[in-house]
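# Descriptive structure summary
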Amino acid sequence: MEHSSKIIDCTIRDGGLINNWDFSVEFVQDLYNGLSSAGVEYMEIGYKNSPKLLNATEPNPWRFLDDNFLKEIIPEKKFTKLSALVDIGRVDPDDILPREQSALDMIRVACYIREVDKGLELVKMFHDLGYETSLNIMALSSVPENQLIEAFNMVKESPVDVVYIVDSFGSLDPADIEHQVKKFKEMIPDIQLGIHTHNNMQLAFANTLTAMRNGVTFLDSSVYGMGRAAGNCNTELLVSHIQKPSYELKPVLGVIEKHMLEMRQKWEWGYIIPYMISGTINEHPRVAMAYRASEDRDKFEEFYDKVTSPEASLAPDQN
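Residues numbered from 1 in each chain as written. Predicted model: local features only at pLDDT ≥ 70, side-chain atom pairs only at ≥ 80, totals over all residues. Heavy atoms only, no water.

### Quick word on the pairing of strand β8 (residues 218-221)
Both faces of β8 are covered, namely the face carrying F218 and D220 and the face carrying L219 and S221. As paired strands, strand β1 (residues 6-9) and β8 are joined by four bridges and run parallel to one another. Paired with K6 across the strands is F218, a residue of β8. Taking the sense of rotation as the criterion, the β-α-β connection linking strand β7 (residues 192-196), helix α7 (residues 204-213) and β8 turns out right-handed. (Buried < 20%, exposed > 50% of the residue type's maximum accessible area, 1.4 Å probe, protein only. Helix = DSSP H or I, 4+ residues; strand = E, 2+ residues; numbered from the N terminus. Pairing = 2+ DSSP bridges. Right-handed = clockwise from strand over helix to strand, strands pointing away.)

### Quick notes on the pattern of salt bridges
Between side chains of opposite charge, a pair can form when the charged atoms approach closely. Summed over all chains, the structure comprises 21 salt bridges. For D30, the salt bridge identified is with K258, shortest N-O distance 2.6 Å. Of this pair, D30 sits in helix α2 (residues 25-38) while K258 sits in helix α9 (residues 250-266); the two residues are 228 residues apart in sequence, bridging distant segments of the chain. Here K258 falls in the partly exposed class, since its relative accessible area comes to 48%. We note a salt bridge from E268 to R297, for which the minimum N-O separation is 3.0 Å. Taken together, the positions of E268 in the loop between α9 and α10 (273-280) and R297 in the loop between α11 (286-292) and α12 (300-308) put the pair 29 residues apart, joining distant regions of the chain. With relative accessibility at 25%, the residue E268 sits in the partly exposed group. Connected through shared salt-bridge partners, R13, D14, E44, R108 and D220 make up one network. (Salt bridge = Lys/Arg side-chain N within 4 Å of Asp/Glu carboxyl O.)

### Describing helix α4 (residues 116-128)
Since there are 3.6 residues in each turn of an α-helix, residues three or four apart along the chain are aligned in direction. In this model α4 runs 18 Å from its N-terminal to its C-terminal C-alpha over 13 residues, within 8% of the 18 Å that 1.5 Å per residue would give. Looking only at α4, the buried set comprises V116, G119, L120, L122, V123 and F126. The buried residues of α4 occupy an angular sector of 160° when the element is viewed end-on, so they sit on one face. Among the exposed residues of α4, those oriented more than 90 degrees off its buried face are E121 and D128. Residues of α4 that are buried make contact with β3 (81-87), β4 (106-111), β5 (132-137) and α5 (145-156). Positive backbone phi, approximately 105°, marks G130, located one or two places after α4. (Expected span 1.5 Å × (residues − 1). Arc of directions from axis to C-beta. Contact = heavy atoms within 4.5 Å.)

### Brief notes about the environment of Y275
Turning to its location among the elements, Y275 is positioned in helix α10. Look past the residues within four positions of Y275 in its chain and what remains in contact with it is N200, A229, A230, E268, G270, A288, M289 and R292.

### Here's the deal with the side chain of R292
Among the secondary structure elements, R292 is positioned in helix α11. We classify R292 as buried; its relative accessible area is 11%. A polar atom in the side chain of R292 sits 2.6 Å from the backbone oxygen of R297. Once residues within four sequence positions are removed from consideration, R292 is found in contact with E268, I272, P274, Y275, R297, D298 and F300. (Polar contact = N/O pair within 3.5 Å; in protein donor to acceptor, adjacent residues only side chain to side chain.)

### Looking at the sheet that holds β3
Strand order in the closed barrel formed by eight strands is β1-β2-β3-β4-β5-β6-β7-β8, with parallel pairing between adjacent strands. Averaged over all adjacent pairs, the angle separating strand axes in this sheet is 25°, with direction ignored. The sheet contact formed by β4 and β5 spans six bridges and is parallel. Among the inter-strand pairings, R108 is bridged to a residue of β5, identified as S134. (Axes fitted to C-alpha atoms, helices over the stretch in contact; angles between N-to-C directions.)

### Remarks on unusual backbone geometry
Despite not being glycine, W21 shows a phi value in the positive range, around 55°. Residue position: W21 is located in the loop between α1 (11-19) and α2. Looking at W21, the relative accessible area reads 8%, which means it is buried. The phi torsion at N282 lies on the positive side, around 60°, for a residue other than glycine. Structurally, N282 can be placed in the loop between α10 and α11. The class for N282 is partly exposed, based on a relative accessible area of 28%.

### Examining the packing of aromatic side chains
Applying the stated criterion across every chain, the model contains seven aromatic pairs. Measuring from centroid to centroid gives 6.3 Å for Y224 and W269, while their planes differ by 80°, and the two rings are edge-to-face. Taken as a pair, Y224 in the loop between β8 and α8 (235-241) and W269 in the loop between α9 and α10 lie far apart in primary sequence, 45 residues in all. Taking relative accessible area as the criterion, Y224 reaches 30% and is therefore assigned partly exposed. Residue class for W269 comes out buried when judged on its relative accessible area of 3%. The ring centre of Y164 lies 4.8 Å from the NZ or CZ of R108, which sits over that ring. The ring of W269 carries R264 above its face, with NZ or CZ at 5.2 Å from the centroid. (Phe/Tyr/Trp six-rings, centres within 6.5 Å; stacked < 30°, edge-to-face > 60°. Lys NZ or Arg CZ within 6 Å of the ring centre and 35° of its normal.)

As structure tokens, this is what we get:
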């Protein structure tokens, strides 16, 4: 069972949410070469969103991937395939080349449950251009059952390759993951499943293993756990744990040693108490992230009171 799993390393894409994608070309190249040597199947090299649609004022190569730039960065593809993520309403179809003209192999579409129809329109377009595709449904921990059923009826009609269970708030535990996977398998038995976890409650790795044991094949992770807020399941843990002869831990350790110890001094991510609190109350980490950026960053009790007081729950729902 385990041999069918595939790792998608999201260090650049999800880790970019920590440092505004301030990655050097050298780091991205070293990461790509390291992941290839480690036998990791995919690397998500950024977002393929359109700078026009986001009114971007400065260039941000990993947030607005450009095909010509990608070919310069990775002139020669090795073992690892490349993927990019797009958000609904932030991608310009004219920016997407047919797959044979692009360095990308897979394009993943992130959306909330209420936008699944729009997400699947993009999936179909990318599929028709030759890409592997996935639909990553965010914030699953707060989706009512009837909305899921409706969404999955649309998914069944779609050419999508993989549908992701995304624990956006890091609030699910292994029993929840098992429940979600079973539900997804019942509703879309013919589609491969993926899992994307966050480490708010130190459960990203355990949740990913639980998903894998229950038949989920695509596993998201990032090197040294680098991802938004509490970060993701660690690539180095998956590579060392999954019994697959092609996986090799040492090259991943090399990337951490050469680059990421220093990054971790400069940028903060991982299991940190305000992120843990937002995970336990099933809330988006944005409030915790803002708190970590303020002078009160270590006033944990105050933060706890702030987010659990009755008036906190009256805040408008923003995504």
